[in-house]
Amino acid sequence: VHWHALGSDPAHDLYEIGREFPRIAEIRLESSRDGRFTLASVQKGDGGEFTHWLRDQHSAWHALTRYEDRCVAARLGPDGAIYFVSLLRAPRGRLLRLAPEAVDRGVAAAVVIVPESADAIEASFAHGTGLWTGDDRVYVLYQKGGPNVVRAFHLDGRAEGELPQPPLSAVGDLVVLPGGSVLFQVQSFTVPPAWYRRPHVGGPALRTALAETSPADYSDCEVVREEAVSNDGTRVPITVLRLRGIVLNGTHPTIVYGYGGYGVCQTPGFRGRLRAWIERGGVFAVAHIRGGGEFGETWHREGSLGSKQNVFDDFAACAQRLIAAGYATREKLALMGGSNGGLLMGAMITQHPDLARAVVSLVGLYDMLRVERTP
């Protein structure tokens, strides 16, 4: 991180911080509205480990959290406080508040204002953390096993309810506007992304002109939920996009998509090109397997490292469930995944070669013993 004065020669930029960070660090910066404070959220690679650093314009950077604090998201508050999502002793996440007068002591001085709940907080570094602050409220993104919802809280943690959105949809981003109203983006498997505005006083959310359109029309389709039971008895949800009213007689070409890694949640997303598949009588399903973050950090850890086999078992169980439910036969079934999901496809080919007729593996990682030697 360097400090740059607008309009000046970049050769004069001043080094600030970062040489002490891991070589694979990913850094996100946020400044307070008055410009006094700058918050740096530093992720160590893609493993979900974070530290957070604060800079006062009148003083040097200092650490707010360490890796062992398990704070996976942080935001500056309007009153000088800092809000954290912490997984420490709370694998589904809880919300902490560090008061302005205690900032020098770091997260150890923070207090819990929203305890862990039955739903997991979705804190995605790639999508802006799932935590937003306004003048008098904090907005937190919660997982519902794939779909998600945003819940509002007063700065002291008092619940204000959920933002209104369609069922089985996902909020991709949120912006708090001056005055307290919010803009938030929603999409589903059948409706393209659109931004909605909700007044600060509550009430319905109104669709704005900030919306994508698509020639793909899914008005004749429906999204339903199925559930598989894995080898160890774990129940795994499946989200299915299909033509409304289809007869489950095993005749439908079916694609099952899976990822299962890095705590990444498979949230509903609009895919226009799937319309061509649907028109040919196809079904598209997403398996919300372990390794992802749909049910919190425990769900993630149960599908990583020495527990990676759970990911493969979960996905195979999802495919078998769709066969048993009458969507397809093995001759009509295809499996698909990319990157970490490509690794999953490699496992399916070798562990379950008779499970499906086709496997689509995109940019897969297959030789994990030598992966550090490959470009």
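Every value quoted in this text rests on a predicted model; they were computed, and no experiment measured them.

Observations concerning the side chain of Arg 70
Assignment of secondary structure puts Arg 70 in the loop between β6 (61-65) and β7 (71-76). Within the local environment of Arg 70, its side chain forms a polar contact with the side chain of Glu 297, the two groups lying 3.0 Å apart.

A closer look at the pairing of strand β21 (residues 254-257)
Burial along β21 is two-sided: Thr 254 and Val 256 and Ile 255 and Tyr 257, pointing in opposite directions, are all buried. As paired strands, β21 and strand β22 (residues 283-287) are joined by four bridges and run parallel to one another. Counted as the bridge partner of Thr 254 is Val 283 from β22. In this region the chain leaves β21, passes through helix α1 (residues 274-279) and returns to the parallel neighbour β22; the handedness of that crossover is right-handed.

Re the nonpolar core
Core analysis: the biggest nonpolar cluster contains 33 residues, and Val 240, Ile 289, Phe 315, Leu 333, Leu 335, Leu 344 and Met 348 have the highest contact counts within it. Of all the elements in the fold, those that place two or more residues in this core are β19 (221-229), β20 (235-243), β22, α3 (309-324), β23 (333-338) and α4 (340-351). A per-element tally of this core places α3 first, with nine residues. Those residues in contact with Leu 335 that sit more than four places away from it in its chain are Val 256, Phe 315, Ala 319, Met 345, Met 348, Leu 355, Ala 356, Ala 358, Val 359 and Val 360. Grouped together as the second largest cluster of nonpolar side chains are 18 residues, Val 72, Leu 131, Val 140 and Leu 155 included.

Structural notes on the packing of α3 against α4
Two numbers describe how α3 lies on α4: the axes approach to 10 Å, and their chain directions differ by 70°. Overall, the two elements α3 and α4 adopt an arrangement that is roughly perpendicular. Counted together, Gln 309, Val 311, Phe 312, Phe 315 and Ala 316 of α3 and Leu 343, Leu 344, Met 345, Ala 347, Met 348 and Gln 351 of α4 form the full contact between these two elements.

What to know about α4
In this model α4 runs 16 Å from its N-terminal to its C-terminal C-alpha over 12 residues, within 8% of the 16 Å that 1.5 Å per residue would give. Counting buried residues in α4 gives nine out of 12 residues, a clear majority hidden from the surface. Taken residue by residue, α4 has Asn 340, Gly 341, Gly 342, Leu 343, Leu 344, Met 345, Gly 346, Ala 347 and Met 348 as its buried positions. Looking at the buried positions of α4, the neighbouring elements they touch are α3, β23 and β24 (358-362).

Looking at the side chain of His 52
With respect to the helices and strands, His 52 occurs in strand β5 (residues 50-56). Owing to a relative accessible area of 0%, His 52 belongs among the buried residues under this scheme.

About the thresholds
- Residues numbered from 1 in each chain as written.
- Predicted model: local features only at pLDDT ≥ 70, side-chain atom pairs only at ≥ 80, totals over all residues.
- Heavy atoms only, no water.
- Helix = DSSP H or I, 4+ residues; strand = E, 2+ residues; numbered from the N terminus.
- Polar contact = N/O pair within 3.5 Å; in protein donor to acceptor, adjacent residues only side chain to side chain.
- Buried < 20%, exposed > 50% of the residue type's maximum accessible area, 1.4 Å probe, protein only.
- Pairing = 2+ DSSP bridges.
- Right-handed = clockwise from strand over helix to strand, strands pointing away.
- Core = buried A, V, L, I, M, F, W, Y, C linked by side-chain atoms within 4.5 Å.
- Contact = heavy atoms within 4.5 Å.
- Axes fitted to C-alpha atoms, helices over the stretch in contact; angles between N-to-C directions.
- Parallel < 35°, antiparallel > 145°, perpendicular 65-115°, else oblique.
- Expected span 1.5 Å × (residues − 1).

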